[in-house]
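Each chain, letter by letter, is given below.
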Amino acid sequence: MNGVQFKTFFLLLFTIKIFIKLGLDLMNYCYLKKHAAIIPAELATVIATEQMHRINSYNIAKIIFHSGRFLFSSLLLLFFLFSPLYSIYTNWFVSFPMPYLFQGLLFFFTIHITTWILDLPFDYFFHFRIEARYGFNKYTRKLWLGDQLKSIFVGSLVSAVILSLFFLLWGENFIFNWSYVFIGWLATVLLVVLLMYVVPILMLPIFYQLKALVNETLTANISELFSRSGLKVRGIFSADESKKSTHANALITGIGRSKTIILFDTLLEHYSDEEILAMTAHEIGHGKKGHLFKLMSLTIIELFLFILFVSYFLAADFPYQAMGITKILYSGLFAAYIFFFDLLTFFVQPLFSSYSRTLEYEADDYSKQLLGSGAPLQSSFQKLIRNEMDNINPHPWYEAYYYSHPTLLKRIQALNH
Ligand SMILES: [Zn+2]
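Heads up: these notes are all about the structure in this document. (Residues numbered from 1 in each chain as written. Predicted model: local features only at pLDDT ≥ 70, side-chain atom pairs only at ≥ 80, totals over all residues.)

**Focus on the environment of Ser 380**
We count it as follows: Segments assigned H or I by DSSP are reported as helices when at least four residues long, segments assigned E as strands when at least two residues long, and all are numbered from the N terminus. By the convention adopted here, residues make contact when the C-beta atoms placed from their backbones lie within 7 Å.
As for its position among the elements, Ser 380 is in helix α13 (residues 375-388). C-alpha separation for the pair Ser 380 and Met 279, spaced 101 residues apart in sequence, amounts to 7.8 Å. Setting aside chain neighbours within four positions, we find Ser 380 in contact with Tyr 271, Glu 275, Ala 278 and Met 279.

**Re helix α10 (residues 291-315)**
We apply this condition: Given a helix with a known number of residues, its expected span is that number minus one, times 1.5 Å. Any residue with 12 or fewer other C-beta atoms within 10 Å of its own C-beta is exposed, any with 20 or more is buried, and the rest are partly exposed; the C-beta atoms used are placed from the backbone.
With 25 residues, α10 should reach 36 Å at 1.5 Å per residue; the first-to-last C-alpha distance of 36 Å fits that figure. The complete set of buried residues in α10 reads His 291, Phe 306, Ile 307, Val 310, Ser 311, Phe 313 and Leu 314. Of the surrounding secondary structure, the elements contacted by the buried residues of α10 are α5 (141-170), α6 (178-207), α9 (273-288), α11 (318-322) and α12 (329-371).

**Thoughts on helix α1 (residues 3-34)**
Over its 32 residues, α1 extends 46 Å from the first C-alpha to the last, a length consistent with the 46 Å expected when each residue adds 1.5 Å. Residues of α1 that are buried: Phe 6, Phe 10, Phe 14, Leu 24, Asp 25, Asn 28 and Leu 32.

**As for the environment of Leu 11**
Note on placement: Leu 11 falls in helix α1. Put simply, Leu 11 and Ser 159 are 148 residues apart on the chain and 26 Å apart in space, counted from C-alpha to C-alpha.

**Let's talk about the sheet that holds strand β4 (residues 260-264)**
Selection criterion: Following DSSP output, two strands are said to pair if at least two bridges run between them. A fitted line through C-alpha atoms represents every axis, and for helices the fit uses only the stretch in contact; the resulting angles, taken between N-to-C directions, go from 0 to 180 degrees.
Reading across from one edge, β1-β2-β4-β3 is the order of the four strands in this open sheet, with mixed pairing throughout. At either end of the open sheet lies a strand with only one pairing partner, and these are β1 (210-212) and β3 (250-253). Averaged over all neighbouring strand pairs, the angle between strand axes comes to 35 degrees, with direction disregarded. Where α9 meets the sheet, it contacts β3 and β4, and its direction lies at approximately 25 degrees from that of β3.

**Topic: the nonpolar core**
A general tendency of soluble globular proteins is for nonpolar side chains to be buried together. To keep it simple, the criterion reads: Among buried residues, those of type Ala, Val, Leu, Ile, Met, Phe, Trp, Tyr and Cys that are joined through C-beta atoms within 7 Å form a set called a nonpolar core.
With 32 residues, the main nonpolar core has Leu 263, Leu 267, Ile 276 and Phe 381 as its most contacted residues. Per element, the largest residue contribution to this core is six residues, and it comes from α9. Apart from residues lying up to four places away in sequence, Leu 267 is in contact with Ala 248, Asn 249, Ala 250 and Ile 276.

**A short note on the packing of α9 against α13**
Note the cut-off: Angle categories: roughly parallel below 35 degrees, roughly antiparallel above 145, roughly perpendicular from 65 to 115, and oblique for all the rest. Lys, Arg, Asp and Glu make up the charged group, whereas Ala, Val, Leu, Ile, Met, Phe, Trp, Tyr, Cys and Pro make up the nonpolar group; the residues left over, Gly among them, are polar.
Across the interface, α9 lies against α13 with an axial gap of 8 Å and an inter-helix angle of 100 degrees. With respect to α13, the element α9 is oriented roughly perpendicular. Where α9 abuts α13, its residues Glu 274, Glu 275, Leu 277, Ala 278, Met 279 and His 282 lie against Pro 376, Leu 377, Ser 379, Ser 380 and Lys 383. The residue inventory of the contact of α9 with α13, partitioned by class, reads five nonpolar, three polar and three charged.

**Brief notes about the pairing of β4**
In terms of residue burial, β4 counts as a mostly covered element, since five of its five residues are buried. In β4, alternate side chains face the same way, and those of Thr 260, Ile 262 and Phe 264 on one face and Ile 261 and Leu 263 on the other are all buried. As judged from the five bridges shared by strand β2 (residues 235-239) and β4, these two strands associate in the parallel manner. Its bridge partner being in β4, Ser 238 is matched across the sheet by Leu 263. The sheet contact formed by β3 and β4 spans four bridges and is antiparallel. Paired with Leu 251 across the bridge in β4 is Ile 262.

Right under this line is the structure:
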């Protein structure tokens, strides 16, 4: 492959991605409009016509907003990579009198911080206009900015560690070498495992105040649920989401001994003990059925393919020719990252989504078995649809492509069987 062919291939795939993404958004939008008045029988008792209107208009606002945000960032990225800007940008860093490791880190950090700044107005609009209009936003401007700064800091730190590893391993040696592939892969896997281990211990406390549950009956019931299931976790904590939004959630994070269950305080406040138990049992299901491990294994396979691809990519001439630059490691790495993680993974997304949905059904089923009834989980889902204002009628293709969880309506129906 030569530079021109690669450029054409890249641009073609990118255009297809934009068309699929916007096409699915448009289909989802039209489908929602068409089914706007249809309240499914399962929800008739909890959702009135007035609330249905609100749910629909919230979802329409979100579809339009996310399409705009996506189009803006995609066109900007294309312009950056395939206009003379990319070679000017690259050459600017090459001219810095410092080792290439620091040139490379600075190269990525500048892109990271620029994207972050360009996205800030979108994020602000989302929280303080859309989310606020529908009563979800609880962020003050100060807290929102604090969270933004924390996430750019954590993101930069994590990516600096991973990037340093790549730079140190490859050096400025542009050859394909299987030992680089395996060493790079093993080191990245170790880092990913370590990161997953520390998420509940080091990462979550940066963004949330985690506290032991205060409701003693609930705590006792949850402990009883854990001993019956035999799942060992580091702890179960409430997180102060109420300072940021009214969205409720329950999740399990960490691996091995760091496995932790997090319940948002918004969930603890608005849902009955029975419903919270059912949702906790769902999370236990994820843990017991080895879902975290399965998803991690997939990530490990994906990383192997990525590193294999990157080593081939960095050694070839075509990526550099396509963007009009000389062989510079970090410049090639960024293009490889966009091509593989941003572009190719988009096309396999439906496979991941579909796999993830089967895991969700499994966890729901586990909750039903452990509690001896699916009714509390069903009632929590009904409440979630009403409170979270989930799209009740997503387009089936949109759902198949993106949804990592089946719609709550489908989960309610599945629990009947
Ligand atoms: Zn789940």
